[in-house]
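Take a look at the letters that make up each chain.
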Amino acid sequence: MKKNAKAIKVIAISFTCILMALLIFPFVLILVFILAQYEDAVTEDGMNIGYNKLTKKAFCYGCEAGEKREFTIPDTFEGIPVTMLGGYIGRGFPCPFSLWVDGGEDVYGCHDVTVPQGDEYETIVLTVHIGKNLKELTYIDDCFWGIRDLDPEGETFDVLFKVVYSFTVNEENETFYAEDGRLYYKTNHQLAEEFFYE
């Protein structure tokens, strides 16, 4: 009889522990999700950074141009290595790496656009110096900028700007190297095709 009472007690305690774990687990997941989100900040050089102090990860996204056409990807931000170009902040808001063109209120970044025949646009050369810690091209913008026109047949763009890149890479970087301004992977010498080049 005593053995049965002990067994019932053990089963009851085990069941209670499992039940509590099942109730607490979703809250732990939510807490981890919140803590793992990226915050964002702007550096003095006009470089936008997404960073997470918990995971010790940071990425670079928009380059706020003005008249500036040359940017350096920092090795670290607040002590966190900058390892990615482009990423996601908050609940997954997309933040592509690109030049932010100041062309007035009606200028939008365009993705996968075909330039309408006869469009005359300015080509902007963006020089980017990549630091030693960069490892991933997470989310890159195509870098056409223009005026968006919503018509009954769909969305069209009158292209005003095309951004092309010229890269240099820190010699200590283990993932990338640059040649003639183009970005390549060290492992297979393949061109990083996410960018327009001169």
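Chemist: Help me understand the overall build of the protein chain in this model?
Modeler: Looking only at helices and strands, the protein chain has one helix and 16 strands in total. A total of 198 residues make up the protein chain; the buried ones form 34% of that total. Within the protein chain, contacts between residues separated by at least 24 positions form 63% of all contacts whose residues are at least 6 apart in sequence. Carbon and sulfur atoms provide 55% of the accessible area of the protein chain, an area that totals close to 12800 Å².

Chemist: Mind showing me how you'd approach the environment of N48 here?
Modeler: Summarising the element assignment, N48 is placed in strand β2 (residues 47-52). Taking the C-alpha atoms as reference, N48 lies 6.4 Å from C63; in sequence the two are 15 residues apart. Apart from the residues lying within four places of it in its own chain, the contact partners of N48 are A41, V42, F59, C60, Y61, G62, E64 and W100. A distance of 2.9 Å separates the side chain of N48 from the backbone oxygen of G62, its partner in a polar contact.

Chemist: Just checking my understanding: could you explain the layout of surface pockets for this structure?
Modeler: The space that makes up the largest pocket amounts to roughly 160 Å³. Its residues assigned to classes, the lining of the largest pocket shows five nonpolar, three polar and one charged.

Chemist: Is there a simple way to explain the pattern of salt bridges in this structure?
Modeler: Enumeration over the complete set of coordinates arrives at one salt bridge. The residue E78 makes a salt bridge to K53 at a minimum N-O spacing of 3.6 Å. Taken as a pair, E78 in the loop between β5 (76-77) and β6 (80-85) and K53 in the loop between β2 and β3 (57-64) lie far apart in primary sequence, 25 residues in all. Residue classification places K53 among the partly exposed residues on the basis of a relative accessible area of 48%.

Chemist: I would appreciate a short explanation of the nonpolar core in the present structure.
Modeler: Soluble globular proteins tend to pack their nonpolar side chains together in the buried interior. Grouped together as the largest cluster of nonpolar side chains are 36 residues, with contacts concentrated most on I73, L85, F97, Y165, L183 and F195. For this core, the elements supplying multiple residues, two or more each, are β2, β3, β6, β11 (122-130) and β14 (154-169). The greatest single-element share of this core, amounting to five residues, is contributed by β14.

Chemist: Quick question: what am I supposed to make of unusual backbone geometry here?
Modeler: Only a minority of non-glycine residues have a phi that is not negative, and only a minority of peptide bonds are not trans. Of note in the backbone geometry, D180 takes a positive phi value of approximately 55° without being a glycine. Phi angles above zero are rare outside glycine, and H189 is one such case at about 60°. Secondary-structure assignment places H189 in the segment after β16 (182-185). Residue H189 is classed as exposed on the basis of its relative accessible area, which comes to 54%.

Chemist: Please clarify how the confidence of the model for the protein chain should be interpreted in this entry.
Modeler: In low-pLDDT regions, the fine details of the predicted coordinates are not to be read closely. Scored by pLDDT, the protein chain comes out at a mean of 80, with 74% of its residues at no less than 70. The secondary-structure element of the protein chain with the lowest mean pLDDT is helix α1 (residues 2-35), recorded at 54, while β16 shows the highest, at 98.

Chemist: Looking at this structure, I do not really get the pairing of strand β15 (residues 176-179). What am I missing?
Modeler: A regular strand places its side chains on the two faces of the sheet in alternate fashion. Two elements, β15 and β16, share four bridges in a ladder whose sense is antiparallel. Paired with E179 across the strands is R182, a residue of β16. Linking β15 to β16, which pair antiparallel, is a turn of two residues; within it D180 sits at a positive phi near 55°.

Chemist: Any chance you could explain the side chain of S98 here in plain terms?
Modeler: On the secondary structure map, S98 appears in the loop between β8 (93-95) and β9 (99-100). In contact with S98, other than residues within four places in its own chain, are Y61, G62, C63, D141, C143, W145 and Y165.

Chemist: Mind showing me how you'd approach the packing of aromatic side chains here?
Modeler: Aromatic ring pairs are described here by two measures, namely the spacing of the ring centres and the angle between the planes. Evaluated as defined, the whole model comprises 14 aromatic pairs. Between F176 and Y185, the ring centres sit 5.0 Å apart and the planes meet at 45°, which makes this aromatic pair tilted. What makes Y185 partly exposed here is its relative accessible area of 23%. Taking the centre distance of 5.4 Å and the plane angle of 15° together, the rings of Y177 and Y184 count as stacked. Judged by its relative accessible area of 17%, Y184 falls in the buried class. Above the plane of the ring of F196 lies K162, whose end atom (NZ or CZ) is 4.6 Å from the centre.

What counts and what doesn't
- Residues numbered from 1 in each chain as written.
- Predicted model: local features only at pLDDT ≥ 70, side-chain atom pairs only at ≥ 80, totals over all residues.
- Heavy atoms only, no water.
- Helix = DSSP H or I, 4+ residues; strand = E, 2+ residues; numbered from the N terminus.
- Buried < 20%, exposed > 50% of the residue type's maximum accessible area, 1.4 Å probe, protein only.
- Contact = heavy atoms within 4.5 Å.
- Areas by Shrake-Rupley, 256 points an atom, 1.4 Å probe, with all protein chains shown as cover.
- Polar contact = N/O pair within 3.5 Å; in protein donor to acceptor, adjacent residues only side chain to side chain.
- 1 Å grid on protein atoms, 1.4 Å probe; cavity = no way out; pocket = protein on both sides within 12 Å on 5 of 7 lines; lining within 4 Å.
- Points joined across faces, edges and corners; volume = space filled by probe spheres on them.
- Nonpolar A, V, L, I, M, F, W, Y, C, P; charged D, E, K, R; others polar.
- Salt bridge = Lys/Arg side-chain N within 4 Å of Asp/Glu carboxyl O.
- Core = buried A, V, L, I, M, F, W, Y, C linked by side-chain atoms within 4.5 Å.
- pLDDT = per-residue confidence, 0-100.
- Pairing = 2+ DSSP bridges.
- Phe/Tyr/Trp six-rings, centres within 6.5 Å; stacked < 30°, edge-to-face > 60°.
- Lys NZ or Arg CZ within 6 Å of the ring centre and 35° of its normal.

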